[in-house]
There are 2 protein chains.
Amino acid sequence: MDLENDINQTNEYYINNNIAIIHKKPTAITIHHVDYTTTTIKEAYFKTPSTTDYNGIYKGHYIDFEAKETKNKTSFPLSNIHPHQLNHLESIMVHGGIGFIIVRFTTLNKTYLLNGDDLFNLLKDKAIKSIPINYFIQKGFIIKEGYIPRLDYLKIIDILYFGGSNEKIN
Amino acid sequence: MDLENDINQTNEYYINNNIAIIHKKPTAITIHHVDYTTTTIKEAYFKTPSTTDYNGIYKGHYIDFEAKETKNKTSFPLSNIHPHQLNHLESIMVHGGIGFIIVRFTTLNKTYLLNGDDLFNLLKDKAIKSIPINYFIQKGFIIKEGYIPRLDYLKIIDILYFGGSNEKIN
């Protein structure tokens, strides 16, 4: 299972159990030609996304995040996230939303949640091209994989924002 | 200008002026075939949307709405909004979000905002197939059209949620 599937299944669990309403946005495309006899899109192009992929509401709060996988073992290359998406995430936090990234190091089989505050503290240094794994270990939180839900990332949001148990679960 | 364009331009104005971050979600599609030599989508299908088209954050609050046009002069047929979208909107409100619909009666050249509470009060009657224009006149708020922003719907949200001037502007 890839990260996107894990998150989609987790979001479905959150919705079905009335925990949160978080959805992945559809892929941003520009449609050039539709065959209306069969309602089939015959020509369309991928667009640069202007926002992150996931947003929704949890405990009355606006939630926004991006999720990415990397095969890299030592760091997460920022080229994986479009600058528009980072700007969007930062703006969300300025407006009082909860923003973060989820990064899976597929080779290490570890998935981290890094809160927006820690992400943007690091990115103040404009020369940064990737986030070292040590930064995830130090500032981030491992999201444990389970059966249902697959990837209970809101448990980390509870710790960070809602007084959940502060026992660091790395 | 159609309603979608008016709202998109208004949202751009809100973002550029640091008022709110609200985006239209991309059209939900299922991609069946991509020509990777030209990165062109060659076959895709429209999917039933599981959420409303617009969401974001305003004054720290989660915002969610659907916007529709109708040529009808006496009522807004509910067949214009998919049941999934109505269920989504209702759940958003249960979770503490701000939910509403924007309906433009194109023939009358009037655009109304109807708050989720009033919408779902009416829809308790499962036999309802359309919302009479009188219900919009009575419970809704006219959104005035302007130059910049084109359709300042957050002014109505200020009245409904944030103690904005309560002078009804119909």
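Check the entry above for the structure.
Reference entry: report on the structure contained in this document. (Residues numbered from 1 in each chain as written. Chains lettered and ligands numbered in written order. Predicted model: local features only at pLDDT ≥ 70, side-chain atom pairs only at ≥ 80, totals over all residues. Heavy atoms only, no water.)

Mapping chain B onto chain A calls for a rotation angle of 180 degrees and an axial translation of 0.0 Å; the resulting RMSD is 0.0 Å. What the superposition gives is, in effect, a two-fold axis relating one chain to the other. A share of 100% of interface residues in chain B that are also interface residues in chain A marks the association as one of identical surfaces. (Least-squares fit on C-alpha atoms with pLDDT ≥ 70 in both. Contact = heavy atoms within 4.5 Å.)

The next point concerns the packing of aromatic side chains. Residues and elements named next belong to chain A. Tallied over the full model, the rule gives 23 aromatic pairs over all chains. Between F65 and Y153, the ring centres sit 5.0 Å apart and the planes meet at 55 degrees, which makes this aromatic pair tilted. Of this pair, F65 sits in strand β5 (residues 61–70) while Y153 sits in the loop between β10 (141–142) and α5 (154–161), and the two are 88 residues apart along the sequence. Of the two residues, F65 and Y153, both sit in the buried class. Considering the side-chain rings of Y112 and F136, the 5.6 Å spacing of their centres and the 45 degrees angle between planes classify their relative orientation as tilted. (Phe/Tyr/Trp six-rings, centres within 6.5 Å; stacked < 30°, edge-to-face > 60°. Helix = DSSP H or I, 4+ residues; strand = E, 2+ residues; numbered from the N terminus. Buried < 20%, exposed > 50% of the residue type's maximum accessible area, 1.4 Å probe, protein only.)

Facing 34 residues of chain B, the contacting portion of chain A comprises 34 residues. For the pair chain B and chain A, the two sides together bury roughly 2800 Å², of which 68% comes from carbon and sulfur. The three residues of chain B that bury the most area against chain A are I41, F46 and H95 of chain B, which together make up 22% of that side's buried surface. The tally of links from chain B across to chain A stands at zero salt bridges. Where chain B packs against chain A, one counts seven residue pairs in polar contact (both at pLDDT 80 or more). Taken together, the elements giving at least two residues each to the side of chain B that touches chain A come down to β1 (20–24), β2 (29–35), β3 (40–46), β4 (54–58) and α2 (83–94) of chain B. By residue class, the composition of the side of chain B that touches chain A is 15 nonpolar, 15 polar and four charged. Sheet topology note: the strand β3 (residues 40–46) of chain A/β3 of chain B ladder contains four bridges and is antiparallel. (Buried area = accessible area lost by both parts, 1.4 Å probe. Salt bridge = Lys/Arg side-chain N within 4 Å of Asp/Glu carboxyl O. Polar contact = N/O pair within 3.5 Å; in protein donor to acceptor, adjacent residues only side chain to side chain. Nonpolar A, V, L, I, M, F, W, Y, C, P; charged D, E, K, R; others polar. Pairing = 2+ DSSP bridges.)

The next subject is the sheet that holds strand β1 (residues 20–24) of chain A. Residues and elements named next belong to chain A. Pairing is mixed in the open sheet, where six strands are placed in the order β1-β4-β5-β7-β8-β10. On the outer flanks of this sheet lie β1 and β10, each paired with one strand and no other. Running over the sheet, helix α3 (residues 116–123) touches β7 (98–105) and β8 (110–115) and is turned about 80 degrees from β8. Seen against the sheet, α5 touches β1, β4 (54–58), β5, β7, β8 and β10 and runs at an angle of roughly 35 degrees to β8. (Axes fitted to C-alpha atoms, helices over the stretch in contact; angles between N-to-C directions.)

With that settled, the discussion passes to the side chain of T51 of chain B. Within the secondary structure layout, T51 of chain B lies in the loop between β3 and β4. Apart from residues no more than four positions distant in its own chain, T51 of chain B is found in contact with H23 of chain A together with K25, E66, Q85 and H88 of chain B.

Another aspect to go through is the environment of N87 of chain A. Structurally, N87 of chain A can be placed in helix α2 (residues 83–94). For the pair N87 of chain A and A28 of chain A, spaced 59 residues apart in sequence, the C-alpha separation works out to 17 Å.

All names here are of chain B. Running from N to C, α2 and helix α3 (residues 116–123) point in directions that differ by 125 degrees, and their axes come no closer than 11 Å. By the criterion of interaxial angle, the relationship of α2 to α3 is oblique. You can see that α2 and α3 cross each other, and the crossing is left-handed. Touching L86, L89, E90 and M93 of α2 are G116, D117, L119, F120 and L123, all from α3. Taken together, the residues of the contact of α2 with α3 sort by class into six nonpolar, one polar and two charged. (Parallel < 35°, antiparallel > 145°, perpendicular 65-115°, else oblique. Left-handed = near helix turned anticlockwise from the far one by under 90°.)

Distances and angles like these do not, on their own, reveal function.
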